[in-house]
Amino acid sequence: MNTKQEIMEKTPILKMENVSKAFPGVQALTDVNFSVEQGEIHGLVGKNGAGKSTLMAILMGILEPNEGAITVGDERFVAMSPKEAIAAGIAYVPQHVAMMDSLTVAENILAGELPRNKMGLVDWKRVNQEAKERLEKLGLGLDVNKKVEGLGVAEQTMLAIAKALFGNAKLIILDEPTASLSRADINRLFSFIRSLKDKGGSFIYISHHLEEVFEICDRVTVIRDGRVVGTERVKDIDVPKLIVMMVGEDVEDYTRESTCVEEVILNLSGLERRGYYEDINLELRKGEILGLTGLQGCGAEQLGKGLFGLEPRGIGTITIHGEEFKAVKPIESFNQGLAYLPQDRYRFGLVGLRSVRENVTYPVLDKLVRLINLVNRKEEKKIVDQYITELDIKTPSTEQPVRLLSGGNQQKVVFAKMATTKPDVLVLHEPTQGVDVRAKMDIFRIIDDMAKQGVAVIIISTEIRELMGVCDRIVVMNDGRLTKEFRKGSKEMTPEKILAAIEGGKNNE
Amino acid sequence: MNKAQKKDWVKLILDNFIWIILAVLFTYFAVNIPNFTLKSNLINILLHASVLGILAIGQTIVLLTGNFDLSAEGMVSLSTIFAMWLMLEPGIRGEAQGSGLMMNPFLVIPIILLLGTIVGFLVGTMITQLKMNGFIVTLAMQLSLRGAAMILSNGQIMTGSPKAFNWLGSAKVAGFPVSIIVTILMFLFVNYLLNNSKFGRELRAVGANPDAAAASGFNPKRTITLAYTIGGFLAAFAGWMLLGRLETSISTLGEGYTLETVAASVIGGVSLKGGVGSVGGAFAGVMLLSLIDNALNLMSVDSFWVEAVRGFIILIALLIEAQKFRYKPKVIHEPAIEKPAVSGTK
């Protein structure tokens, strides 16, 4: 009797068994086993690209798994569309909740089933009353007459959760719900989620903020490279252990000798762009590789784009080799010795439909143009061939459209493109994202080679382990300020300390 | 390496599909339609292809940037009417009339070419700087230009352009029409230019991926404006050629050219999404349309059918274009683990 009851309680609301998903040339998920119990808040963590999004897309009915079985409650889950996933009882609450902002809370709750009066018109009295009653059942005291756009972000998230429950959701996926919330808002949201949990609600909680995972979750599952590394009760584990699970220890690290010399190449002083970063002072030496890391939204991304001229830079002075760097457009940056590798290479890095040859020489066409507007094809071919050999780009010919290359080779094309401009300073944004392990090593070697030739490199990345391997220095950015610096070889430079520094800002609020 | 370099036959055929069809069709018509291969008929085909061809060059340049130009046929109308207006004597009210300026054709030609250039520049500026919708802007511009032509001409036929003006459209060199020679030279020149110039690279980069083009140091707004400007110039040039051949104009002149130029470009492998295609391909498209038009004419096919056939050909061209994008040769080597291409689920 007793055991039977226990089994009843432990019946998982969601059970995924041996789920795999492959995209052309990419194994996104391999044999994933994942379950959520009734009345549980289950954390799901992993780095960008680990496979969380794919897993959630499967649950939301956006993607279909190639293999594996999924059960929701006690029914087999085969959602072919988001609509079917919702009908099966799975609700997704994104970071930015999408609701009918200009309508009231009550209208949003009862949308599609507004009560009518005898004349067939909407019975507003009943609308408001019913909405109020429903919310009160969940212990959510919102003003039902208020428009949704007038609510705070935390309230909107709570309303979205409530709405999902009214729609008979059995399992609610919360994706980074606290990303733009203050500590007080987080507390309110958490107590609401806990109260629902006590009533038997089940949640998947996705977050990059590990502290919060420990605060709210019962269990946590770590995904890395498309595989489940492990599922642990949060009572049995701590932050460092979780980090080790996320980052992995079996990764082969790239190590290099420092090529840094005394001569300063880049100098940033007093850089400030309101709302993104302030008080940025930094010196970069010849041959130095500097890692810049921080949470998403810490301002590092904007700083990189600002330096290159893809976004406004704000105020402050930059010098390269002692000369003031005034470029405000990418082409001027290239000409003044600064090149940038964007994080999203499909959107900003490459013109996928065009050939390797064309992509490599885009930034230096001005130098290849001879009479009128004609490009010197001979010279162009020489440059392209040189970099294909030097960077070991695997392509059947120079005329291959880059969209047909593998991720690693595409990234090498972006590197070749930057190298043609003979830069003094390289700014790289997540240079190893979306490339396989072998290509990663190649890319580190390329970065290393460039540093050896005297280029100063800034790598903006959240891959702390990779940064530790390749960088001479790691600087942590917090809320738009450079807050901490780690030097290679110092005792301070450990993943735990760096992560603590990255997370530091959040806890101080 | 050898294996990798082996030609991808499917791709080769898809890329040159249009030339194969052209050859097959030509042979078929030559065998089955009497008089088709007469010199006068072949010249007729080329004559029809020349004005359309000039317009198709402009259209292709704009399409390569990922935009449309629906205004060119309006410029054909206005440039011819405006030229006539400048050159003709004042008429009696209600009849076709000129301004009475009796302007020298050698002055009129640069004026209308300049007019086309300026209008093209304005259209480009509206789209890039004022961020107006290109489709609607060029459609509205077509209406405005044709409207202006209607006002200038009083809705009447204007006839009798001077000989000096007609040279481009009517003159012959060694029995061969100048307009055909000029069109072919224009195609060769622009094709070479777009394949070998920085501007050609820029056009295709901007069309295929404006964000990456900007991050590569290009200026997409400038490029798109320039494409429209060239398109405007070529539209006026086509007007000059057409008026020279007809020696007559009316404000409805050029109706239907827009769809034909887009169709010719797409048939020739120019992508409506921008970034892919060449002027050489567009030439093949122009030839195909002219060929079919001519054949239907010779076979005395009911004119109602002609329209339907044309529409059908355009649909087929679009179908082939769509398939081309779906066809994807194998990726060179398999990456182990990569971030899945699911954007928007995060």
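Conventions used here
Residues numbered from 1 in each chain as written. Chains lettered and ligands numbered in written order. Predicted model: local features only at pLDDT ≥ 70, side-chain atom pairs only at ≥ 80, totals over all residues. Helix = DSSP H or I, 4+ residues; strand = E, 2+ residues; numbered from the N terminus. Buried ≥ 20, exposed ≤ 12 C-beta atoms within 10 Å, placed from the backbone. Contact = placed C-beta atoms within 7 Å. Axes fitted to C-alpha atoms, helices over the stretch in contact; angles between N-to-C directions. Parallel < 35°, antiparallel > 145°, perpendicular 65-115°, else oblique. Left-handed = near helix turned anticlockwise from the far one by under 90°. Nonpolar A, V, L, I, M, F, W, Y, C, P; charged D, E, K, R; others polar. pLDDT = per-residue confidence, 0-100. Core = buried A, V, L, I, M, F, W, Y, C linked by C-beta atoms within 7 Å. Pairing = 2+ DSSP bridges. Domains from an automatic or database assignment.

### Thoughts on the overall build of chain B
Helices and strands together make up the secondary structure of chain B, namely 15 helices and four strands. Residues counted as buried form 47% of the 346 residues belonging to chain B. A sequence separation of at least 24 residues applies to 78% of the contacts in chain B between residues at least 6 apart.

### Description of the packing of helix α10 (residues 198-208) of chain B against helix α12 (residues 220-246) of chain B
Residues and elements named next belong to chain B. Between α10 and α12, the shortest axis-to-axis distance is 10 Å and the interhelical angle comes to 110 degrees. Judged by the inter-axis angle, α10 sits roughly perpendicular to α12. In this structure, α10 crosses over α12, and the sense of that crossing is left-handed. Where α10 abuts α12, its residues E202, L203 and V206 lie against P220, T223, I224 and A227. Looking at the contact of α10 with α12 residue by residue, the classes come out as five nonpolar, one polar and one charged.

### Description of the confidence of the model for chain B
All names here are of chain B. Per-residue confidence for chain B averages 86 on the pLDDT scale, and 89% of its residues sit at or above 70. Here residues 1-6 is a poorly scored stretch, pLDDT under 50, and it has three contacts once near neighbours within four places are set aside; other chains count. Reported for the predicted complex are a pTM of 0.77 and an ipTM of 0.82.

### Examining unusual backbone geometry
All names here are of chain A. Even without being glycine, K422 reaches a positive phi, approximately 50 degrees. Mapped onto the elements, K422 comes out in the loop between α16 (407-419) and β17 (425-429). If you check the backbone angles, E430 has positive phi at about 45 degrees while not being a glycine.

### Some details on the nonpolar core
A:V425, A:V457, B:L55 and B:A238 are the most contacted members of the largest nonpolar core, which totals 170 residues. When residues of this core are assigned to their parent elements, the largest contribution, 15 residues, is made by α12(B). Beyond its immediate stretch of four places on either side in the chain, A:V457 contacts A:I289, A:L290, A:L426, A:L428, A:I447, A:M450 and A:A451. In terms of nonpolar packing, the next biggest core, distinct from the first, is built from 68 residues, A:L135, A:A164, A:I204 and A:Y205 among them.

### Topic: the sheet that holds strand β8 (residues 202-206) of chain A
All names here are of chain A. Spatial strand order, β6-β7-β8-β3-β9-β10: six strands in an open sheet with mixed pairing. With one partner strand each, in any of the chains shown, β6 (90-93) and β10 (227-233) form the two edges of the open sheet. Mean inter-strand twist for the sheet, computed between neighbouring axes without regard to direction, equals 20 degrees. As judged from the five bridges shared by strand β7 (residues 171-175) and β8, these two strands associate in the parallel manner. Residue pairing in the sheet places L171 in a bridge with S202 of β8. Relative to the sheet, helix α9 (residues 239-247) contacts β3 (41-45), β9 (219-224) and β10, its axis offset from that of β9 by approximately 30 degrees.

### Things to note about the domain arrangement of chain A
Segmenting chain A into domains produces domain 1 (11-247) and domain 2 (264-508). A separation of 36 Å is found between the C-alpha centroids of domain 1 of chain A and domain 2 of chain A.

### A short note on the packing of helix α3 (residues 17-32) of chain B against helix α14 (residues 279-298) of chain B
All names here are of chain B. Interhelical geometry of α3 versus α14 gives an angle of 25 degrees and a closest axis separation of 10 Å. In terms of axis orientation, α3 runs roughly parallel to α14. Of the two elements, α3 crosses α14, and the hand of that crossing is left-handed. Across from I18, W19, I21, L22, L25, F26 and F29 in α3, the residues of α14 making contact are G281, A284, G285, M287, L288, L291 and A295. In terms of residue class, the contact of α3 with α14 is built from twelve nonpolar, two polar and no charged.

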